[in-house]
There are 2 protein chains.
Amino acid sequence: MKKRVWLDAFGCDEPGAVLCGAAAALREIDGLELVMPGDTEVLRSSLESLGADMSRVELIEAPQTIYNSDKPTEAVMKKRDSSMIKAMTGLRSDAGAAGLVTAGSTGAALAGSAAFLGRMPGVVFPALASYLPTQEDRMAVLVDCGANVDCRPEALKTFALLGAALAESIGRSDPKVALVSVGTEEGKGNAFSKAAFAMLREMPINFVGNMEARDAVSGKYDVMVCDGFTGNVLLKAVEGGALFVARTFMKELGKAAPKGADTGFVNAAFKATMAKMDMQSLGGAMILGVGKPVVKLHGSANERSVPNGIRQLLELEMSGFSARAKQLLEKTV
Amino acid sequence: MKKRVWLDAFGCDEPGAVLCGAAAALREIDGLELVMPGDTEVLRSSLESLGADMSRVELIEAPQTIYNSDKPTEAVMKKRDSSMIKAMTGLRSDAGAAGLVTAGSTGAALAGSAAFLGRMPGVVFPALASYLPTQEDRMAVLVDCGANVDCRPEALKTFALLGAALAESIGRSDPKVALVSVGTEEGKGNAFSKAAFAMLREMPINFVGNMEARDAVSGKYDVMVCDGFTGNVLLKAVEGGALFVARTFMKELGKAAPKGADTGFVNAAFKATMAKMDMQSLGGAMILGVGKPVVKLHGSANERSVPNGIRQLLELEMSGFSARAKQLLEKTV
C-alpha cells in the first residue's frame, strides 16, 4: 500500500511547527509521500530550508486559510480555495491516498469532510472518535467526542459500528461496546440514552450495556458511545481529574520529601505516568464515517505530534479500518 | 441553634455501620440530638450496645425499609411506614431540626423529599448538589449531579441559585457560576446548554459563561451547573481520571524505585493527595430546594462518613443556606 497522506498545515496555532513536523515525518517514515495545499512558494521554501525531501512532497496551490474564528459551515462553503477544502476535494479523487491530517479548525474539518469527502453508506453525520488510555495498558475508543452535540439516539448506532471497527483496527477482537450513562443497570440514564440502549441491544455487536464514566479509563470497555456533548465532557473531565492528582501529588511531594532525599526515581515514575495520559502522543481525534479518514490534531500540533498523527492515519488504513467499517455498516444500518 | 438531625440508617449496604456512625457522631458532636426511625427495639438495643448516649436519641417506629432495588416513585408512595418516609414526614413538622441524613436509595430520597418535605418557592424539582475538591484547596459546587437527568433548560436557573447559595454558605463571596459546556466561548454547546446560557446571563448572579469539564477541579469556578446526566458523567469521569493517574503512578513507582530506596515520603505525599480526592470525607450529596436539606451519603456509609455527613448538614443550616437560597429564589424565579 502506498503511504500517501494529505497534510493541511494551516489554520492552527503555528503552521511553522506543522512544517517542522512534516519534515520530521518524511525523515522518520519510510516511503511516505505528502500532498500539501497552501501558498506553494512559501511551502516550498520553508520545507526546503527544513531539509525536507522534496521529491516526496507534492504542493497544491491554495491561497486561503480557514481560521478557528470562522463560522465552520460558512467557511467550508465560501473558502473553497482554502488549504483544508483543497485538501478534501483533492483527497476525494486521490484513490491512492490514505486520508488527511490537519491541525485546523475542528468544526470546519467536520463540516468539510461531511460535504466534500463523501460518506460511508448509512452514515448521516460523521463522528469524531478519540483514543483514551486505560489501566489495562491498551487504548479504548470514545465515539462521539464532540462533533455531534445535538444528535438523535439513532446516531449512536453508527457511532457504535464505527467505534467497533476502530477498536478492531487496533487489535481488539469482538470489542466490548458500552453506552455512557449514569449507572450500569439497565434502565439507568436519561430519555436519550434509554432510547439509544434499546437500539444498541438489537445490533450485531458485542453490546455490554450501560457504563459509568468512572470506568472510562479503567480498561473495562473497548468502545464507549454517547452523543458528542457527553463525550466531550467525559474526555475533558477525565483529563481534569488526572491533572488534579498529578499537580496535587507534586505539591505534596515537595512538602513530604526530606531535604536531600533521592527523588530521581519518583520523577521518573511520574514522567512515565504522565506520558500515558499525554493526548499529543495518543494521537489526534479521528473523523470517521467519511470517504477517507481524517486525523484532526490539536491546534498546537508540532514536530512530534505531526509524525504521530500521520502514523496513526496510515495504521488506520493499513489495518483495514475503512473496509471493515463499511462491511459493518452495510450489514446493519 | 439546636443541633437536631434526623438520621435514616436503613436501605444502605450496612445499617450496622451507620449505627456505629450514629454512636460516633453523638460522641464527637457536642449537643447533637438524633431522631432515628426504624424498628425501635432493634435500634435501641444496637445503639445501647454501641454505648450511644440514649438521652440524646429519639426513636420513631418505622417497620418498613425502602431498598435500592425498589422503584423510587412507587416505593415512596407505598412504603409510608419506611424509615426514609417516616423521617421525611416527621422532619417536615419538626421546626427545630436541621434536616435529614440518609444512606438509603438516592432515587427514593429525591422523590420522597419532593413529595414530603415541601419545596422552596419557585422550585419544581429538587436538585442534587456535590462538593468537588479543587487545586485551589477550596471546594467547588456541582449542581445537578444526577437527580434531574431529563430536565429542561429552565431548571438550570434554579440550580444556579441553589448552587450560589451553597457556595456562599462555604465562604465564597459573589461566587463565580459557570455553565458546563464543550468550550468556553459563547455559542459553544448543544441546544440545551445554549438555551440555558441565554437564561443564566439574565440572572442576578455572577454568571461567568461556559466552562470546559477540564476545569471542573482546577478551582477556576465556584459553582458549575448542568443537567443531572451531564453532571453525573462529569463527576465520575473526574474520579476515573484521578484513579487512573493514582494507580498508574503506584505501578510505575514500583518499577522505578531502586531496591531499598526510601519511599516513605512518597507514600505520605500520595496519601495526602488521595485524601483530597476522597469523596467520603468530602461528605455526601445534598438534596437542595426542598423544605429542609437532605444529605445523601454513599450506600457504603460508615463510622467516619456518618459523623461527617451530620456535620455537613449542621454547617449548611448554621451558615444560613436555606434562608439565603429562599431569598435568591424569591428575587428571581
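Residues numbered from 1 in each chain as written. Chains lettered and ligands numbered in written order. Predicted model: local features only at pLDDT ≥ 70, side-chain atom pairs only at ≥ 80, totals over all residues. Heavy atoms only, no water.

Trainee: When you look at the nonpolar core in this model, what are you seeing that I'm missing?
Mentor: Generally speaking, a soluble globular protein has its nonpolar side chains buried in company with each other. Of all hydrophobic cores here, the largest spans 95 residues; its most connected members are M224(A), L234(A), M224(B) and L234(B). In this structure L234(A) touches L132(A), L142(A), V180(A), A213(A), A216(A), V233(B) and A237(B), once residues within four positions along its chain are discounted. Counting residues in hydrophobic clusters, the runner-up holds 67 residues, among them V5(A), V177(A), I205(A) and L297(A). (Core = buried A, V, L, I, M, F, W, Y, C linked by side-chain atoms within 4.5 Å. Buried < 20%, exposed > 50% of the residue type's maximum accessible area, 1.4 Å probe, protein only. Contact = heavy atoms within 4.5 Å.)

Trainee: Sorry, what's going on with the interface of chain A and chain B here?
Mentor: The extent of an interface is frequently quoted as the accessible surface area lost upon association of the parts. With 55 residues of chain A in contact, the opposing surface of chain B contributes 54 residues. A combined buried area of about 4,700 Å² lies between chain A and chain B, and 71% of that area is made up of carbon and sulfur atoms. It is F229(A), F244(A) and F265(A) that lose the most area in chain A upon contact with chain B, and together they represent 16% of the buried surface on that side. Viewed at the interface, chain B and chain A are joined by 6 salt bridges. Of the charged contacts, one joins K236(A) and E212(B) as a salt bridge, the two residues approaching to 2.4 Å between their closest N and O atoms. Where chain A meets chain B, there are 14 residue pairs in polar contact (both at pLDDT 80 or more). Where the side of chain A that touches chain B is concerned, the elements lending two or more residues are β7 (176-181), α7 (191-200), α8 (228-256) and α9 (264-277) of chain A. It is α8(A) that provides the largest number of residues to the side of chain A that touches chain B, a total of 23 residues. In terms of residue class, the side of chain A that touches chain B is built from 30 nonpolar, 14 polar and 11 charged. (Buried area = accessible area lost by both parts, 1.4 Å probe. Salt bridge = Lys/Arg side-chain N within 4 Å of Asp/Glu carboxyl O. Polar contact = N/O pair within 3.5 Å; in protein donor to acceptor, adjacent residues only side chain to side chain. Helix = DSSP H or I, 4+ residues; strand = E, 2+ residues; numbered from the N terminus. Nonpolar A, V, L, I, M, F, W, Y, C, P; charged D, E, K, R; others polar.)

Trainee: Got a minute to help me understand the environment of R201(A) in this structure?
Mentor: Residues and elements named next belong to chain A. Tracing the chain through its elements places R201 in the loop between α7 and β8 (206-212). Put simply, R201 and K157 are 44 residues apart on the chain and 9.8 Å apart in space, counted from C-alpha to C-alpha. The contact partners of R201, leaving out residues within four places of it in the chain, are E186 and F207.

Trainee: Looking at this structure, how should I read the sheet that holds strand β2 (residues 32-38) of chain B?
Mentor: Hydrogen bonding along the main chain pairs the strands of a sheet, whether they run parallel or antiparallel. All names here are of chain B. Strand order in the open sheet formed by 11 strands is β3-β2-β1-β4-β11-β10-β5-β6-β9-β7-β8, with mixed pairing between adjacent strands. The open sheet has two edge strands with one neighbour each: β3 (57-61) and β8 (206-212). Ignoring strand direction, the axes of neighbouring strands in this sheet form an average angle of 25 degrees. Across 4 bridges, strand β5 (residues 127-132) lies against strand β6 (residues 140-143) in antiparallel orientation. Considered in β6, the bridge of Y131 is made with V141. On top of the sheet, helix α7 (residues 191-200) reaches β7 (176-181), β8 and β9 (223-225); it is set at about 165 degrees to β7, its chief contact. (Pairing = 2+ DSSP bridges. Axes fitted to C-alpha atoms, helices over the stretch in contact; angles between N-to-C directions.)

Trainee: How should I be thinking about the packing of helix α1 (residues 15-28) of chain B against helix α11 (residues 305-318) of chain B in this particular structure?
Mentor: To characterise two packed helices, one gives the angle between the axes of the helices and the distance between these axes. Residue and element names in this part refer to chain B. The geometry of α1 relative to α11 is characterised by a closest axis approach of 7 Å and an angle of 55 degrees between their N-to-C directions. Taken together, the axes of α1 and α11 are oblique relative to one another. The handedness of the crossing between α1 and α11 comes out as right-handed. Of the residues in α11, those in contact with V18, G21, A22, A24, A25 and E28 of α1 are V306, P307, I310 and R311. Of the residues contributing to the contact of α1 with α11, the split by class is 7 nonpolar, 1 polar and 2 charged. (Parallel < 35°, antiparallel > 145°, perpendicular 65-115°, else oblique. Left-handed = near helix turned anticlockwise from the far one by under 90°.)

Trainee: So what exactly am I meant to see when it comes to the pairing of strand β2 (residues 32-38) of chain A here?
Mentor: The two faces of the sheet receive side chains in turn, since in a regular strand these alternate between them. Residue and element names in this part refer to chain A. Burial of β2 is extensive: 6 of the 7 residues sit out of reach of the surface. Strand direction decides the pairing type here: strand β1 (residues 3-8) and β2, joined by 4 bridges, are parallel. Note that in β2 the partner of V5 across the bridge is L34. Where β2 meets strand β3 (residues 57-61), 5 bridges bridge the pair, whose relative direction is parallel. Bridging across to β3, M36 finds its partner in L59.

Trainee: In this structure, what is going on with the relation of the copies chain A and chain B? I would like to understand it.
Mentor: Mapping between the two copies of the chain is achieved by a rotation about an axis and a shift along the axis. For these two chains of identical sequence, chain A goes onto chain B by a turn of 180 degrees and a shift of 0.0 Å along the axis, with RMSD 0.0 Å. A rotation of that kind, with that shift, is consistent with a two-fold axis. By residue overlap, the copies meet face to face through one surface: 98% of the interface positions of chain A are interface positions in chain B. (Least-squares fit on C-alpha atoms with pLDDT ≥ 70 in both.)

Trainee: It is not clear to me how the pattern of salt bridges should be interpreted in this structure. Could you clarify?
Mentor: Pairing between side chains becomes possible if they bear opposite charge and their charged atoms approach one another. Residue and element names in this part refer to chain A. Applying the stated criterion to the full structure yields 38 salt bridges over all chains. Between E303 and R27 there is a salt bridge; the shortest N-O distance is 3.7 Å. Note that E303 is positioned in the loop between β11 (294-296) and α11 (305-318) and R27 in helix α1 (residues 15-28), a separation of 276 residues in sequence. On the basis of relative accessible area, R27 is assigned to the exposed category, the value being 53%. Where K276 meets D137, a salt bridge forms, and the shortest distance between an N and an O atom there is 3.2 Å.

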